[in-house]
Amino acid sequence: MQSNRSAIRPIATVLLLITFSNRFCDAQTTGLVEFSAHGKIQRGILLVDLAHELIILGRDGWIHSLDPRSPESTWQRIEKEAFAAAPAAEIRNQLRSEFGPDYEVLSTKNFLVVQPRGRGERWPKLFEQSHRSFISYMTKRGVKIRSGSFPMVAVVFPDESGMRNEFDRLDIDVGRVAGLYSVNSNRVMTHDGTRASSVMATVRHEAAHQSAFNSGAHSRINDTPRWITEGIGQMFEPAAMTDPRGATQLTDRVNQESLQYLRQKIMATDAGRFVQTAMALVSNDLMFKDQKQINEAYAVAWALMFYLAERQPKAFGQLLNETAGR
């Protein structure tokens, strides 16, 4: 990291001067509603009430967006009744019904893990330890952590084909990936078709997203800049970050793939490019939408968040607390 620190340090100074606007929506509300989604009548809490959009948090943790102007949107307010999240047992029964007899639902302290029968405890242990490591790392750096209202759901399909079919069912349009975290469903989805190190790194990345959005490090309602969310996801890709013994050495916590990209593609050719890319990421999310620039965006986002977390932990905590609380 020594060779990159000179390029990273000016950006850390810039980040400390960024003022995040409080875009707290005046339309936020707390009313209980009954609505139709995914072919069934559900109840949830109305988080945002706008003329063109309703955002509802269901009892199972799903976030639903409805257009009240559409004749297909069926909903009504429920008076004099408090919102109550569905208990784990109820969600477990829903998952068993949803995925059928070929799958089992295993419980941990924080997770309900859906997986093909007979796969053992490997996946539940991975998700649980990933979450505990995430919470420990963030707490030590002053990030405000809260307990989630819902059990986190992780779905492991037997192979990539099964996972892609689920993406199609949920209208999730992505390229070739080993897994993902869906903010709307609040689920991590992956497959057990391979145990390649790159696949497991992706799973740890997506698990970090899920932990962040369920612990209050990120908000599922407001827009957190992607250089923050993806930078943190990159931070938790190294296997040592989810090791129960802890990543005690700085080198254990380094994302070697991102570091190698920075050294070979940026620092070796134009050190000033790092600063330019960092400024572009802080300005907007466009680089993450450009296939020619996305690898650079991920690598620089990791460098920014890793530097703050390891060298400026107070600023790191303030940054996450501010963006989550807008």
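Before reading on, note that the structure itself is shown above.
The notes below deal with the structure included here.

Side note on the sheet that holds strand β7 (residues 111-116)
- Read from one edge of the open sheet, 5 strands run β6-β7-β8-β10-β9, paired in mixed fashion. This sheet does not close on itself; its edge strands, each paired only once, are β6 (103-107) and β9 (179-182). Within this sheet the neighbouring strands show an average axis-to-axis angle of 15 degrees, counted without direction.
- Pairing between strand β8 (residues 152-157) and strand β10 (residues 187-191): 5 bridges, direction parallel. Across the sheet, residue Val153 finds its bridge partner in β10, namely Arg187.

Observations regarding the pairing of β6
- Within β6, 4 of the 5 residues are buried, which leaves it mostly tucked inside the rest of the structure.
- With 5 bridges connecting them, β6 and β7 associate as antiparallel partners. The residue of β7 that forms the bridge with Val105 is Val114.
- The turn linking β6 back onto β7 is made up of 3 residues.

Looking at the pattern of salt bridges
- The full count for this structure, using the stated rule, is 16 salt bridges.
- Ionic pairing is found between Glu81 and Arg43, a salt bridge with its closest N-O pair at 2.6 Å. You can see Glu81 sitting in the loop between β5 (75-78) and α2 (88-99) and its partner Arg43 sitting in strand β2 (residues 40-49), a full 38 residues away along the chain.
- Glu310 is the salt-bridge partner of Arg141, the closest N and O atoms lying 3.8 Å from each other. With Arg141 in the loop between α3 (122-140) and β8 and Glu310 in helix α10 (residues 294-311), the pair connects residues that are 169 residues apart, well separated along the chain.
- Of the residues examined, Arg141 reaches a relative accessible area of 13% and is grouped as buried.

Observations regarding the packing of aromatic side chains
- By the definition in use, this model includes 10 aromatic pairs.
- Its end group placed over the ring of Tyr137, Arg141 keeps NZ or CZ at 3.5 Å from the ring centre.

Quick notes on the packing of α10 against helix α11 (residues 313-325)
- Contact geometry for α10 and α11: axes closest at 5 Å, N-to-C directions at 120 degrees. The angle between α10 and α11 falls in the class oblique. Residues Met305, Leu308, Ala309, Glu310 and Arg311 of α10 touch α11, and the partners they reach there are Pro313, Ala315, Phe316, Leu319 and Leu320.
- Of the residues belonging to the contact of α10 with α11, the class tally is 8 nonpolar, no polar and 2 charged.

Remarks on the pairing of β7
- Within β7, 6 of the 6 residues are buried, leaving the element largely enclosed by the surrounding structure.
- Two strands pair when backbone bridges link them, and β7 and β8 are joined in this way by 4 bridges, in the parallel orientation. If you follow Val114 over to β8, its bridge partner there is Val155.
- With α3 bridging β7 and its parallel neighbour β8, the resulting β-α-β unit is left-handed.

Description of the packing of α3 against helix α5 (residues 197-215)
- Two elements in contact, α3 and α5, have axes separated by 9 Å at closest approach and are oriented at 55 degrees. By the angle between their axes, α3 is oblique relative to α5. Where α3 crosses over α5, the two elements pack in a sense that is right-handed. Here α3 contributes Arg122, Trp123, Leu126, Phe127, Ser130, His131, Phe134 and Ile135 to the contact with α5, which in turn contributes Met200, Val203, Ala207, Ala208, Ser211, Ala212 and Ser215.
- The residue makeup of the contact of α3 with α5, split by class, is 10 nonpolar, 4 polar and 1 charged.

Structural notes on helix α9 (residues 272-283)
- For α9, which comprises 12 residues, the first-to-last C-alpha distance of 17 Å matches the rise-based estimate of 16 Å (1.5 Å per residue) to within 8%.
- Residues of α9 that are buried include every one of Phe274, Thr277, Ala278 and Leu281, and no others. For α9, the buried positions fall inside an angular range of 100 degrees around the axis, keeping them on one side. Among the exposed residues of α9, those pointing more than 90 degrees away from its buried face are Gln276 and Ser283.

What counts, and where the lines are drawn
- Starting afresh in each chain, residues are numbered from 1 along the sequence in its written order.
- Only residues with pLDDT of 70 or above have their local features reported here, since the model is predicted, and side-chain atom pairs are shown and tallied only from 80 upward, although totals for entire chains, interfaces and linings are computed over all residues.
- Note that water and hydrogens are dropped before the side-chain values are worked out from all heavy atoms of the structure.
- Strand pairing follows a simple DSSP-based rule, namely that at least 2 bridges must link the two strands.
- Helix numbers and strand numbers start at the N terminus; a helix is a DSSP run of H or I with at least 4 residues, a strand a run of E with at least 2.
- Lines fitted to the C-alpha atoms define the axes, with helices restricted to the stretch that makes contact. Angles between their N-to-C directions range from 0 to 180 degrees.
- Exposure categories follow from relative accessible area, calculated using a 1.4 Å probe and restricted to protein chains: below 20% of the type maximum is buried, above 50% is exposed, and the middle band is partly exposed.
- We define a salt bridge as a side-chain nitrogen of Lys or Arg found within 4 Å of a carboxyl oxygen belonging to Asp or Glu.
- Only Phe, Tyr and Trp rings take part, Trp by its six-membered ring, and two of them pair if their centres are within 6.5 Å. Stacked means planes under 30 degrees apart, edge-to-face means over 60, and tilted covers everything else.
- The criterion is that NZ of a Lys, or CZ of an Arg, lies within 6 Å of the ring centre and within 35 degrees of the ring normal, and then a charge sits over that ring.
- Here is the rule for angles: anything less than 35 degrees is roughly parallel, anything more than 145 is roughly antiparallel, 65 through 115 is roughly perpendicular, and the remaining ranges are oblique.
- Pairs of residues are marked as contacts when any of their non-hydrogen atoms sit within 4.5 Å.
- Gly is placed with the polar residues, together with every amino acid not listed as nonpolar (Ala, Val, Leu, Ile, Met, Phe, Trp, Tyr, Cys and Pro) or charged (Asp, Glu, Lys and Arg).
- Handedness of a crossover is defined as follows: with both strands directed away from the viewer, a clockwise route from the first strand across the helix to the second makes it right-handed.
- Handedness of a crossing is defined here by the sense of rotation of the near helix relative to the far one, left-handed for an anticlockwise turn of less than a right angle and right-handed for a clockwise turn.
- Working rule for helices: expected span equals 1.5 Å times residues minus one.
- What the arc covers is the set of directions going from the helix axis to the C-beta atoms.

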